[in-house]
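# An overview of the molecular structure
Take a look at the letters that make up each chain.
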Amino acid sequence: MTATVTTDSLTEKSDRVTSRGSGGARRRLPRIPDRIRQGGLPYLLLLPAVLLELLVHVIPMIIGIVMSFRQFTQFYINNWGGAPWSGFDNYKIAVDVNAPIGEALLHSFFVTCVFTFFAVGLAWLFGVAAAIMLQENFRGRGFLRAIFLVPYALPVYAAVITWAFMFQRDNGLVNHVLHDQLGITDQPSFWLIGDNSIYALIIVSVWKGWPFAFLIVMAGLQNIPRELYEAASIDGAGIWQQIRKITLPSLRPVNQVLVLVLFLWTFNDFNTPYVLFGKAAPENADLISIHIYQSSFVTWNFGTGSAMSVLLLLFLLVVTAVYLFITSRGRKGADA
Amino acid sequence: MRTIRAAAAVTLAISIAAGVTGCGGGTSSGGGSNDSPKTLTYWASNQGPSIEADKKILTPELKKFEKQTGIKVKLEVVPWADLLNRILAATTSGQGPDVLNIGNTWSASLQATGALLPWSKDNFDAIGGRDRFVDSAVASAGAEGQDPAAVPLYSLAYALYYNKKSFADAGIEKPPATWDELVADGKKLSKDGKWGLGAEGSNLSNNIHQTFVLGQQHGADFFDADGKPTFTSDGAVAAVKQYIDFMAKDKIIAPGNAEYAQNQSLTDFAKGKTAMVLWQAAASTFASQGMKPEDWGAAPVPVASGTPGQGKNTNSMVAGINMAVFKNTKNIDGAKKFVKFMTSDEEQKLLNKTYGSIPPVKTAQADEAFSAPDLAVLRDTLAKSAAPLPQVPNESQFETAVGTAVKELWADAAAGRPVTTESVKARLEKAQQTMQQ
């Protein structure tokens, strides 16, 4: 996504430079030969980004894929080039749902799907609701806007570790409020182990994710012409009708990107579960990122871990492609 | 995209390293060189209350070494949580320190990577001979039948720490020597919001240490002679069940302990909320929590019956820190000199005194400073009744797999779900099946 945007804007910019084509431009760039300036400059400008992209993403990804076809354990860490090829063995282990490793991966995949559905859904809902509420100008709006962005601005580790303290059974704030003060629960509940752990994870993830949705939607709202609302209210449309008929349809392109980004971030989130639960997450909150980390780095089965990573990458690529296809078709339909 | 971030992290390190080393695919397997004889890099594990404290403790010693040999040691203190990953990265890239500390339970796992200098007879002779070290400590420095991958530096063992006031209040005269006594005492102590025993249910390593010792007492090793996992043997199942039953059946451990992983059980102990903990060298932590030395006592960890000893009367794992040398060091002679220095009688006494651990060097251990009542318990345990964790290449997997199974069982017990022989066996079965290789 990001790469495409950068490419477009760079090309545009360089087009502008070359299209001027007068003596002025030549004086500013005296040493670049015409041929490069006219044909090659865009590519020259792209080169640093391409090199970095290769170094940071493409090469490691290729090595990761190669690793997934090798029997890469601690015996070969010191001489990783010498790890024997194992064909599709790692993949077979990862997808064999009748054996414990594959079964655990599938379980963790389902957990991650459920988690992502709720975490993204709620983060989006809160973000949109807050942005719409803060659309009207009122006293203290600036203050609220700033406050709402705090979770987004805090360092993840500090924020999540604070949540971990609050979720502690005996000394945590959550049980203190739910049990001691409100008396909602019969006895203090566990949040960091056992069945409730998935709720704890969703709560922290939503808390961390909704300010981003809020920020993006708020920006999107700026682009909706006020006249539409004025016209609608003259025609007698209530606030709900305005939201349903004007705000949400106008936000659609923004929401499409927002939901996709939130989905990718949440599905892959590593920091939240790692800081909350440590390297062994409870079964109910065993997200796939932690699961793969554990397979690779804690039990030192780098080959199997890489195979799992590649499978996850494929899954996310497919989901993204389908999503983009559906949403772009919808947009074309709307444009027509 | 951050999709394969975990794999990308290591592969990036590899690709950069490959670029640096001319794509040799890892490091040479030679025995090091003396290309840079005047400097050494040392990764020390975080032993003291903080990294700064460690630097303060170690720097004067390194200066002393520099004065003696003219070799300058660059020190980096690495926090525990990062140490294993840092070692793995250094092993993969070949860009590590010359000398480093490793947790002794990782010895065989790291030995299998082939990156560490084996301590052959010659190498041991260069530092004064293998006989200088306590046997059990050397046994926890690598797989049986192979030259150790490291040299013991600080030794630790488990003891039963008890709160004297809580014991006096409950009318208990002496610390329990058997598990039956511990449970009986624990029941007397568990009332009015106070509890008999503390545990760290979400700390995987601690789970392993405790269940390993109980396993030994039930005649189970968790691995057979060929290094194959035997997690579901009757002894192993009984050991894990006995440990969880302290909460599930005997009710002498507070349910909240199931989620402890950050030494909260020591805080509870220091506050008088729990009366006993099983821990390694806890003195400095108790002191930092405001306890006075006369407030607590230390006794050997209980056994099934009789007195602690070897075999079924084992009551501690051999805990401690080892010192290893990366095989590809550019200052092999200097590295050995440094290990010799750190394991010399004088340094052993000084450092172990500071850290509250026991010297694995016999002559240093004889020093009076290690005869204080609590240290004497640790020392005797190490000498007579401690056993090293299984020294198998997949020890690291074992810690995660079984440690997690025990963590899940704690969660069951805390939630009031029944913990039966079958449920324990099922969890261990699952753990065993995830062990690859």
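Residues numbered from 1 in each chain as written. Chains lettered and ligands numbered in written order. Predicted model: local features only at pLDDT ≥ 70, side-chain atom pairs only at ≥ 80, totals over all residues. Heavy atoms only, no water.

Let's shift gears to the overall build of chain B. Within chain B, the regular secondary structure consists of 18 helices and 11 strands. Along the first, second and third principal axes, the C-alpha set of chain B runs to 65 × 50 × 40 Å. Burial status across chain B gives 59% buried among its 437 residues. Partitioning the intrachain contacts of chain B with sequence separation of at least 6 by distance along the chain shows that 76% fall at a separation of at least 24. (Helix = DSSP H or I, 4+ residues; strand = E, 2+ residues; numbered from the N terminus. Buried < 20%, exposed > 50% of the residue type's maximum accessible area, 1.4 Å probe, protein only. Contact = heavy atoms within 4.5 Å.)

Our next topic: helix α13 (residues 332-342) of chain B. Burial of α13 of chain B is extensive: eight of the 11 residues sit out of reach of the surface. Every buried residue belonging to α13 of chain B is among I332, G334, A335, K336, F338, V339, F341 and M342 of chain B, and all of these are buried.

All right, on to helix α14 (residues 288-298) of chain A then. Since there are 3.6 residues in each turn of an α-helix, residues three or four apart along the chain are aligned in direction. All names here are of chain A. Counting buried positions over the 11 residues of α14 gives 11, a clear majority of the element. Of the positions making up α14, those classed as buried are I288, S289, I290, H291, I292, Y293, Q294, S295, S296, F297 and V298. Once α14 finishes, W300 follows within two positions and takes phi at roughly 60°, a positive value.

Moving on, we come to the pairing of strand β5 (residues 158-163) of chain B. Residue and element names in this part refer to chain B. The buried fraction of β5 amounts to six of the six residues, a majority that puts the element mostly inside the structure. Of the two faces of β5, the one lined by Y158, L160 and Y162 and the one lined by A159, Y161 and N163 are each fully buried. Where β5 and strand β7 (residues 274-280) come together, five bridges link them in antiparallel fashion. The partner of Y162 across the bridge, within β7, is M276. Pairing geometry for β5 and strand β8 (residues 296-299), over four bridges, is antiparallel. The residue bridging Y162 from the neighbouring strand is G297, located in β8. (Pairing = 2+ DSSP bridges.)

What follows covers the sheet that holds β7 of chain B. Residue and element names in this part refer to chain B. Spatially, four strands are ordered β6-β7-β5-β8 in an open sheet, and the strand pairing comes out mixed. Both edges of this open sheet fall to β6 (195-197) and β8, since each of them pairs with a single strand only. Pairs of neighbouring strands in the sheet enclose a mean axial angle of 25°, with direction left out of account. Alignment of β6 against β7, held across two bridges, turns out to be parallel. Bridge pairing links L197 to M276 in β7. (Axes fitted to C-alpha atoms, helices over the stretch in contact; angles between N-to-C directions.)

Right, let's get into the nonpolar core. Counting residues in hydrophobic clusters, the biggest one holds 80 residues, and the most contacted among them are Y161, F231, F246, F286 and W410 of chain B. In terms of residue count, the dominant contributor to this core is helix α17 (residues 395-414) of chain B (10 residues). Aside from chain neighbours lying at most four places away, what touches F246 of chain B is W179, L182, V183, L197, K251, I252 and I253 of chain B. Ranked by size, the runner-up nonpolar core spans 52 residues in total, among them I63, A164 and I290 of chain A together with L110 of chain B. (Core = buried A, V, L, I, M, F, W, Y, C linked by side-chain atoms within 4.5 Å.)

Among the surface-exposed residues, L47, V50, L51, L52, L54, L55, V56, V58, I59, I62, V66 and W85 of chain A lie close enough to one another that they form a single nonpolar patch of about 1,000 Å² accessible area. Looking at the secondary structure, you find L51 of chain A in helix α3 (residues 34-67). (Patch = residues over 30% accessible without salt bridge, like charges linked within 9 Å, V, L, I, M, F, W, Y side chains within 5 Å. Areas by Shrake-Rupley, 256 points an atom, 1.4 Å probe, with all protein chains shown as cover. Salt bridge = Lys/Arg side-chain N within 4 Å of Asp/Glu carboxyl O.)

Turning to the sheet that holds strand β3 (residues 99-103) of chain B, a few remarks are in order. All names here are of chain B. On the basis of which strands lie adjacent, the open sheet formed by five strands has the order β2-β1-β3-β10-β4 and mixed pairing. Edge positions in the sheet fall to β2 (72-78) and β4 (151-156), since each has one partner strand and no second. The average undirected angle you get between the axes of adjacent strands in this sheet is 20°. Sheet topology places strand β1 (residues 39-45) next to β3; two bridges connect them, and they run parallel. Bridging from a neighbouring strand, Y42 pairs with V99 of β3.

Counting from both sides, the interface comprises 54 residues of chain B and, opposite them, 54 residues of chain A. Here chain B and chain A share an interface that buries about 4,700 Å² over both sides, 60% of which is from carbon and sulfur atoms. Counting across the chain B and chain A interface gives three salt bridges. Of all the elements in the fold, those that place two or more residues in the side of chain B that touches chain A are α1 (5-20), α3 (80-93), α4 (107-113), α17 and α18 (421-433) of chain B. The element contributing the most residues to the side of chain B that touches chain A is α1 of chain B, with 10 residues. For the side of chain B that touches chain A, a count of residues per class yields 21 nonpolar, 24 polar and nine charged. (Buried area = accessible area lost by both parts, 1.4 Å probe. Nonpolar A, V, L, I, M, F, W, Y, C, P; charged D, E, K, R; others polar.)

Time to look at unusual backbone geometry. Residues and elements named next belong to chain B. Although it is not a glycine, D192 sits at a positive phi angle of roughly 55°. Among the structural elements, D192 can be located in the loop between α8 (179-189) and β6. At F222, a residue that is not glycine, the phi angle is positive and equals roughly 75°. For F222, the location among the structural elements is in the loop between α9 (204-217) and α10 (234-248).

What follows deals with the packing of aromatic side chains. All names here are of chain B. Counted according to the given criterion, the structure contains 43 aromatic pairs over all chains. Ring plane angle 75° and centroid distance 5.0 Å describe the contact between Y243 and W410, whose orientation is recorded as edge-to-face. Linking Y243 in helix α10 with W410 in helix α17, this pair joins segments that are 167 residues apart in sequence. A single burial state applies to Y243 and to W410, both of which are buried. (Phe/Tyr/Trp six-rings, centres within 6.5 Å; stacked < 30°, edge-to-face > 60°.)

What follows concerns the pattern of salt bridges. Considering all chains together, one arrives at 21 salt bridges over all chains under this definition. For K430 of chain B, the salt bridge goes to E283 of chain A, with nearest N and O atoms at 2.9 Å. Of this pair, K430 of chain B sits in helix α18 while E283 of chain A sits in the loop between α13 (271-277) and α14, each in a different chain. A relative accessible area of 43% places K430 of chain B in the partly exposed class. On the basis of relative accessible area, E283 of chain A is assigned to the partly exposed category, the value being 28%. Between D245 of chain B and K241 of chain B there is a salt bridge, and its shortest N-O distance comes to 2.9 Å. One end of the pair, D245 of chain B, and the other, K241 of chain B, are both in helix α10, four residues apart, so they sit about a helical turn from each other.

Turning our eyes to something else, we now look at the packing of α10 of chain B against α17 of chain B. Residues and elements named next belong to chain B. It is at 9 Å that the axes of α10 and α17 come closest, and there the two elements cross at 30°. It follows from the interaxial angle that α10 and α17 lie roughly parallel. Relative to α17, α10 is oriented so that their crossing is right-handed. Where α10 abuts α17, its residues V240, Y243, I244, M247 and A248 lie against V406, L409, W410, A413 and A414. Its residues assigned to classes, the contact of α10 with α17 comprises 10 nonpolar, no polar and no charged. (Parallel < 35°, antiparallel > 145°, perpendicular 65-115°, else oblique. Left-handed = near helix turned anticlockwise from the far one by under 90°.)

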